[in-house]
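The lines below spell out each chain.
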Amino acid sequence: MAYRGKRSSAVKTRRSGPAVGVLVVVVVVLVVVAMMAANFFHMFDSTGGDNEGSAAAAGSAAEVPLGGNVSAQAGAEGDASAAAAVAQEPEETDLGIIVCVDAGHGGNDPGCNVEDRLEKDDTLALALAVREDMEAAGITVVMTREDDTYVSLDDRCYIANSAGADYFISIHRNYADGVANGVEVWKSTNASDASVYLADTVSAALEAVGVSRNRGVQTGSQSSEYEDYQVLRETAMPGVLIEMGFVEDSEDNWYFDTYLEEYAQAITQSVLDTYEASQEGFDGDSSAEG
């Protein structure tokens, strides 16, 4: 409608005289040029925006997390969590020590359970407490899981090795068909001096806090003294696997719930003691086999 009004006005003006007619023609030409310029810039902006979107999509597709080797066994939930955990490169804190804390089981793998007591919940609770205490002591902590997510054994080892961890702490709870109680610490069959020292120190420290029974340091696994747990066999640093009492034993559960924070402090101090001892002689190098 506005365009028609301008044309009508131009016709009337053209009758007024040649000079006015020329002026009107110039104005019309300028308006046409302005409209063409506006269309040109609009097309340029649209093209640029599309290119930007394409570049962003290409960049997103090109990003590969450090944890690209996440096992297919984990499922969608586990894949996302494990990949995120591996992708985090730890920033070393004051002491320059990196510890991988492994909360056993998780997600669709509850571990041992009795009624509503699930091993996966207890291991995560203690692992998070250990992380908090270690970080307060100046230790850098890498977690294999931080929530109720399934992470395969392969991925747990990959997380620890990729982070260049100096020590590996795997936290579990035990179960027996018969009557059993107490805490035990496991080391691998070819344990380094640092692993042996760490296992002995953790066992003594937990007993000092209070346990129903100290079952001592064990070698291998529950299957065989010659067959190591995968997380100890395939991690390239000193490490131990801790069985924090039996889930079906009410006394062990009482100790676990009552002294969880103290257990976390005991584990942290054991790592610090092992690190200090490694500086004085035995092979505490993070490249040593667990």
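Note that the structure is a prediction, hence the values are computed from the model and not measured.

K.L.:
I'd like a description of the overall build of the protein, backed by residues and values.
P.N.:
Across its full length, the protein carries 9 helices and 8 strands. Relative to its full complement of 290 residues, the protein shows a buried share of 44%. Of all intrachain contacts in the protein linking residues separated by at least 6 positions in sequence, the fraction that spans at least 24 positions is 79%. Within the structure as shown, the protein displays about 15,200 Å² of accessible surface, and the carbon and sulfur contribution to it stands at 52%.

K.L.:
Which residues make up the pattern of salt bridges, and what values do they have?
P.N.:
Within this structure, the stated rule accounts for 8 salt bridges. The network of salt bridges with shared partners includes Arg117, Asp122, Arg173 and Asp257.

K.L.:
Any details on the packing of helix H4 (residues 119-136) against helix H9 (residues 260-279)? Residues and values, ideally.
P.N.:
Between H4 and H9, the shortest axis-to-axis distance is 8 Å and the interhelical angle comes to 55°. Classed by the angle they form, the pair H4 and H9 counts as oblique. When you trace H4 past H9, the crossing you get is right-handed. Residue-level inspection shows Ala125, Leu126, Ala129, Val130, Asp133 and Met134 of H4 in contact with H9, the latter providing Leu260, Glu261, Tyr263, Ala264, Gln265, Ile267, Thr268 and Val271.

How each quantity is defined
- Residues numbered from 1 in each chain as written.
- Predicted model: local features only at pLDDT ≥ 70, side-chain atom pairs only at ≥ 80, totals over all residues.
- Heavy atoms only, no water.
- Helix = DSSP H or I, 4+ residues; strand = E, 2+ residues; numbered from the N terminus.
- Buried < 20%, exposed > 50% of the residue type's maximum accessible area, 1.4 Å probe, protein only.
- Contact = heavy atoms within 4.5 Å.
- Areas by Shrake-Rupley, 256 points an atom, 1.4 Å probe, with all protein chains shown as cover.
- Salt bridge = Lys/Arg side-chain N within 4 Å of Asp/Glu carboxyl O.
- Axes fitted to C-alpha atoms, helices over the stretch in contact; angles between N-to-C directions.
- Parallel < 35°, antiparallel > 145°, perpendicular 65-115°, else oblique.
- Left-handed = near helix turned anticlockwise from the far one by under 90°.

Any functional reading would require information that these geometric values do not contain.
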